[in-house]
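Chain by chain, the residues run as shown.
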Amino acid sequence: MNNILGYQNQNVVVTGAASGMGAACAERLIEAGANVYALDINEISAPVTKAIKVNIMDKDSITAAVAELPDKIFSLFNCAGVPCPPVPPYNTVMINFVGMRELTRQLLPRIVKNGSIASIASTAGMAWRTNKENVDKFLAQDTFEAADAWLQTEEGAAISADGYAFSKQCMIVYMFNIAGELAKKHIRINTICPSPTESAFSQQMEEIGLGKDVTDLFTPANGQYADGGDMGDALVAINSNLFRFVSGCLIPVDWGYTAEITAGQRDNLMNISL
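Bear in mind the structure is a predicted one, so any value in this text is a computation, not a measurement.

S.K.: Requested: an account of the sheet that holds strand E3 (residues 50-53), with residues and values cited.
M.R.: Whether parallel or antiparallel, the strands of a sheet pair through hydrogen bonds between backbone atoms. Ordered in space as E3-E2-E1-E4-E5-E6-E9, the seven strands form an open sheet in which the pairing is parallel. Strand pairing shows two members of the sheet lacking a second neighbour, E3 and strand E9 (249-253), which therefore form its edges. Averaged over all adjacent pairs, the angle separating strand axes in this sheet is 20°, with direction ignored. In the sheet, strand E1 (residues 11-15) pairs with strand E2 (residues 35-40) via five bridges, with the strands oriented parallel.

In structure tokens form, the structure reads like this:
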């Protein structure tokens, strides 16, 4: 039972490990006996195996970070993300999706058989069905350079104006698109959608006038906000051996908020769809 999660002595990669969900995820993985390689643009305080500074908006920085990672990786945790506003839409999409996709692509050849990938989207991305035509148009820009260039066109800037929701929609559809391909390689991929979570992220939202008077509309019926540990634990569980036959799933981690929407018990303010 000591290694029921399967992380002991396994190499794992966590982005956004300096704070919030990523930091909580890294700390729990250390407790589970993993060798944690932590990536962030900010300083990482957890006692990880190796901390690597990376600017996920910069392909060269991603490639340099990958060069410092081991040849075999058991799990990848894509936790890096920023809110929009205050971060501009272009930066938000580059960090939340384009850089995430590039890092994932570069690491896929190193992920071992029965390895796993878990990423953090958002309930704000769960309106992906209503915007899938635009998401597909962007996902067709399938290199880092092409995506970067498209976002700076007039069309790209208009489509991605709601940078946060759009980036999370892209993460979700990207996961659906590659789940089958990865299954052939015995690699799992899943995405979580957190409900409002107390974090530096939420503090930034409050600073621009999107405080709890707004986010309370999206909390579950118990009235609770999550914390970074709630999401970190979910990520660690989903990427573990306990979930070894679960892949291609969009998993709300919201104590039933999405269920309330699906049952028609709450106003569907974000056009959530499963």
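Structure's up, so let's keep going.
S.K.: Tell me about the pairing of strand E4 (residues 73-78), residues and numbers included.
M.R.: Most of E4 sits inside the fold, with six of its six residues counted as buried. In the sheet, E1 pairs with E4 via three bridges, with the strands oriented parallel. Counted as the bridge partner of Val14 is Phe77 from E4. The pairing of E4 with strand E5 (residues 111-120) spans five bridges and is classified as parallel. Directly across from Phe77, in E5, lies its bridge partner Ala118. A crossover connection joins E4 to the parallel E5 through helix H3 (residues 89-107); in handedness this β-α-β unit is right-handed.

S.K.: I'd like to hear about H3, residue by residue, with values.
M.R.: Taking 1.5 Å per residue, 19 residues should reach 27 Å; H3 reaches 26 Å between its end C-alpha atoms and fits that length. Among the 19 residues in H3, 15 count as buried, and that is most of the element.

S.K.: Tell me about the pattern of salt bridges, and please be specific about residues and values.
M.R.: Applying the stated criterion across every chain yields a total of nine salt bridges. Here Glu31 makes a salt bridge to Arg28, at a shortest N to O gap of 2.9 Å. Note that Glu31 and Arg28 are positioned in helix H1 (residues 20-31) at a spacing of three residues, about one turn of the helix. One salt bridge connects Glu68 with Lys50, and the closest N-O pair in it is separated by 3.3 Å. With Glu68 in the loop between helix H2 (59-67) and E4 and Lys50 in strand E3, this pair connects stretches of sequence that are 18 residues apart. Take Glu68: its relative accessible area is 38%, and that puts it in the partly exposed class. Through salt bridges with shared partners, one network takes in Arg28, Glu31 and Asp233.

S.K.: Describe the environment of Leu107, listing the residues and the values that go with them.
M.R.: Mapped onto the elements of the fold, Leu107 is located in helix H3. Take Leu107: its relative accessible area is 0%, and that puts it in the buried class.

S.K.: Break down the packing of aromatic side chains for me, citing the residues and quoting the values.
M.R.: Working definition: an aromatic ring pair is given by the centre-to-centre distance plus the angle between the planes. Considering all chains together, one arrives at seven aromatic pairs under this definition. For the ring pair Phe97 and Tyr174, a centre distance of 5.7 Å and an interplane angle of 80° mean the geometry is edge-to-face. One end of the pair, Phe97, is in helix H3; the other, Tyr174, is in helix H7 (residues 163-183), and 77 residues separate them in sequence. For the residue pair Phe97 and Tyr174, the accessibility class agrees, reading buried in each case. By the ring-pair criterion, three or more aromatic residues cluster together here, those being Phe97, Phe138, Trp150, Phe166 and Tyr174.

About the criteria used
- Numbers given to residues run from 1 along each chain, matching the order in which its sequence is written.
- Only residues with pLDDT of at least 70 are given local features in this predicted model, and only at 80 or more are side-chain atom pairs given and counted; all residues enter the totals for whole chains, interfaces and linings.
- Only hydrogens and water are set aside; all other atoms, that is, all heavy atoms of the structure, feed into the side-chain values.
- When DSSP finds two or more bridges between a pair of strands, those strands are recorded as paired.
- Secondary structure counts use DSSP, requiring at least four H or I residues in a row for a helix and at least two E residues in a row for a strand, with both numbered from the N terminus.
- Between N-to-C directions, angles cover 0 to 180 degrees, with each direction set by a line fitted to C-alpha atoms, over the stretch in contact for helices.
- Exposure is judged per residue with a 1.4 Å probe applied to protein chains only, and the accessible area is read against the type maximum: over 50% gives exposed, under 20% gives buried, and values in between give partly exposed.
- For a crossover, the right-handed case is the one in which the path from the first strand over the helix to the second runs clockwise, viewed with the strands pointing away from the viewer.
- Multiplying one less than the number of residues by 1.5 Å gives the expected span of a helix.
- Think of a salt bridge as a Lys or Arg side-chain nitrogen and an Asp or Glu carboxyl oxygen that are within 4 Å of each other.
- Any Phe, Tyr or Trp ring, taking Trp's six-membered ring, that has another such ring centre within 6.5 Å forms a pair; planes under 30 degrees apart are called stacked, those over 60 apart edge-to-face, and the others tilted.

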